[in-house]
Amino acid sequence: MDDGAAEGAGHALGRRRFLAIAAGATAAAVPRRAWAQRPTRGGVLKHIGLEPPTFDIHATGSYQTQLLSSFVRRTLFKFVNGARYGPSNFTILPDLALKAAVSPDGKVYTIKLRPGVRWESRPPVNGREVVAADVKYSFERALRKSPYATLLGPVEKIEAPDTRTVRVHLADAFAPFVHNLAEPPNAILPPEVEDRLGDFKTAESFVGCGPFILERYEPGVKAVFARNPTYYETGLPHLDKVEWLFLRDRSTQLSLFRAGQVDIPFYDGRIPRSDVGSFRKSNPAYPVVYWDRLAVRTLAMRTDKPPFNDVRVRRALSLAVDRKRWVSEHLEGQGYEDAGPVPSPMREWKLPARELGEGARFLDHDPALARKLLTDAGFPGGLKLKCTNWPGHGPEYVEDLGLLALQLRQIGVELQIVNEEYGQYIRGSFLGKFDEASWGPSSLFTEVDGYLYNFFRGGQPGNRSHVADTQLDVLLEAQRRYSSRSSRKKVIDDIQRHAAAHVYYVYTPCPKNVSAWTPRVKNYGPKNSFDRGAQLEVVWLANR
């Protein structure tokens, strides 16, 4: 495909969406001209964060790695950020790329890179320009190593016909392709780093072309990011530095935040729901915002072996959960009864419970039917189930797991909770490597395919319940091929009905998050993305 053909093929993305992407350089400038306050330059943002298990974005499913990586490494596209945009506004803007075009059959994407983007001015890249060969190398490495390789779709071949053109050949059409190029696991890496160090695991390998550079890394203490003086976006970031503080203890985090010694109290600004009332009294000037988080919470089960290969057992577990009471009493009405498989805040794709057909029945709370199903399955005396978990998600997650265990106990199911350390959990249970069951939040996906294909497609690392369902596999592949939203939605509706009837996961209610930040932090808003680099490049500090 030559350049003219590539430009003319935009209709396969959807005409409006393609034009938005192609005109992204203009769109990116609009929010800054429209800011109500003039941004001020300088200052150090103190942000509570999390320490990554590795700096290699392809070696782990860890969101900690994604968060830090995004400061320094960038993607071809990014989502809009700033106070005017909602947490789930995923309007695409250019980042390292300027535009993307797709062939009429949806199988070939031609991407034009932004000229003049340079790697950091230090070895081994020494400020050279970011080129198409870097993209080819990064995507091929992701396809070999990343647990999120599925985000790139069915790639057959990647070409770099010239320094600013990347051509990706897919085996089949893949509707989420351009959207997924904005996800942190698809960051672009310089091959010289791996050539010199052998991998990207250490802080020494943390070389990029993003809004910030890693100035200092103190293991167990903090990472300090400074403004990148050669960043392609003139005038950004506004901040001089971001101190990403590795504080694990929640009470210490909140004490420092209340005292004004840190600006943002957690990696997503979250504060405990139980502290909202007292916090508003002690810090009345601080913004406090409730917002919808996309990640779902699941009890995953080994459906490939007893007792979970019996759908009656899985249905019984779901019927034990009193979702209405959970939300009204435990979450004080600030949450959603049924978060999966499509998260409730994804309203354009979410099928209401009343339209789930047979599966809607198993979202009801019916302990009597649950006990009958267990008896029919050969467990009249109930079950004891070992359930792995990582308690480091936070005390609210621990409380939610305790509530699930209490409700299951009422139908004779004892959930024996096994707490794991993070490394063991992220390399094992999070990828389905457990004996019986595992509970916890999903990773965060900004495209509906992430919650469907990753969770249910046979052979995928995110298929924690070991689902092997040929009929479902056909539907999962089909929804990826449709560029028409209406056609795609019909298939996604069928996937939700099928998943609800078979109960491959038990989805527990999801609370709304509540976040806060100091009044001096401007143009900040919660975001359903792990791309902190794009989020914080537009933030500034007032009254320094």
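In this text, all values refer to a predicted model and were calculated from it rather than measured experimentally.

### Regarding the overall build of the chain
Phase 1: A tally of regular secondary structure across the chain gives 19 helices and 21 strands.
Phase 2: With the C-alpha coordinates of the chain rotated into their principal frame, the extents come out at 70 × 60 × 45 Å.
Phase 3: When each of the 544 residues of the chain is scored for burial, the buried share is 61%.
Phase 4: In the chain, once contacts between residues fewer than 6 apart in sequence are set aside, the share between residues at least 24 apart is 71%.

### Things to note about helix α17 (residues 470–481)
Phase 1: Between its first and last C-alpha, α17 extends 17 Å over 12 residues, near the 16 Å set by a 1.5 Å rise per residue.
Phase 2: The complete set of buried residues in α17 reads L472, D473, L475, L476, A478, Q479 and R480.
Phase 3: On its buried side, α17 packs onto α16 (449–456) and α18 (485–502).
Phase 4: The N-capping residue of α17, defined by a side-chain oxygen 3.1 Å from the backbone nitrogen of Q471, is D469.

### A look at the sheet that holds strand β4 (residues 97–102)
Phase 1: Spatial strand order, β4-β5-β7-β6: 4 strands in an open sheet with antiparallel pairing. Either end of the sheet is taken by a strand with one partner, and the two such strands are β4 and β6 (155–162). Put simply, the sheet's adjacent strands are angled 20° from each other on average, direction ignored.
Phase 2: Bridging between β6 and strand β7 (residues 165–170) involves 5 bridges; their strand directions are antiparallel. In the sheet register, K157 faces β7, and the bridge partner there is H169.

### Thoughts on the confidence of the model for the chain
Phase 1: Of the residues in the chain, 93% have a pLDDT of 70 or more, and the chain-wide mean is 92.
Phase 2: Contacts of residues 1–35 to residues separated by more than four positions or lying in other chains number 57 contacts, the stretch itself having pLDDT below 50.

### Some thoughts on the pairing of β7
Phase 1: Within β7, 6 of the 6 residues are buried, which leaves the element mostly enclosed by the surrounding structure.
Phase 2: Because side chains alternate across β7, one face comprises the buried residues T165, R167 and H169, and the other comprises V166, V168 and L170, equally buried.
Phase 3: Note: strand β5 (residues 108–113) against β7, 5 bridges, orientation antiparallel. Bridging from a neighbouring strand, Y109 pairs with V168 of β7.
Phase 4: In sequence, β6 turns back onto β7 through a hairpin of 2 residues.

### Side note on the environment of L408
Phase 1: Looking at the element boundaries, L408 is found in helix α14 (residues 395–409).
Phase 2: On the basis of relative accessibility, which here comes to 1%, the residue L408 falls in the buried class.
Phase 3: Through-space distance from the C-alpha of L408 to that of V321 is 7.1 Å; in sequence the pair is 87 residues apart.

### Looking at helix α11 (residues 311–319)
Phase 1: Burial of α11 is extensive: 7 of the 9 residues sit out of reach of the surface.
Phase 2: Within the sequence span of α11, burial applies to V313, R314, R315, A316, L317, S318 and L319.

### Brief notes about the pattern of salt bridges
Phase 1: All chains considered together, the criterion is met by 42 salt bridges.
Phase 2: When the shortest N-O distance is used, the salt bridge between E194 and R141 registers 3.1 Å. Remark: R141 occurs in helix α6 (residues 132–145) and E194 occurs in helix α8 (residues 191–197); sequence separation between them is 53 residues. Judged on exposure class, the residue E194 and its partner R141 are both buried.
Phase 3: Residue E348 pairs with R485 through a salt bridge whose shortest N-O separation is 3.5 Å. Here E348 is found in the loop between β13 (335–336) and α13 (367–376), whereas its partner R485 is found in helix α18, with 137 residues between them in sequence.
Phase 4: Overlapping salt bridges bring together E215, R216, E218 and K241 as one network.

Each value, and the rule that gives it
- Residues numbered from 1 in each chain as written.
- Predicted model: local features only at pLDDT ≥ 70, side-chain atom pairs only at ≥ 80, totals over all residues.
- Heavy atoms only, no water.
- Helix = DSSP H or I, 4+ residues; strand = E, 2+ residues; numbered from the N terminus.
- Buried < 20%, exposed > 50% of the residue type's maximum accessible area, 1.4 Å probe, protein only.
- Contact = heavy atoms within 4.5 Å.
- Expected span 1.5 Å × (residues − 1).
- Polar contact = N/O pair within 3.5 Å; in protein donor to acceptor, adjacent residues only side chain to side chain.
- Pairing = 2+ DSSP bridges.
- Axes fitted to C-alpha atoms, helices over the stretch in contact; angles between N-to-C directions.
- pLDDT = per-residue confidence, 0-100.
- Salt bridge = Lys/Arg side-chain N within 4 Å of Asp/Glu carboxyl O.

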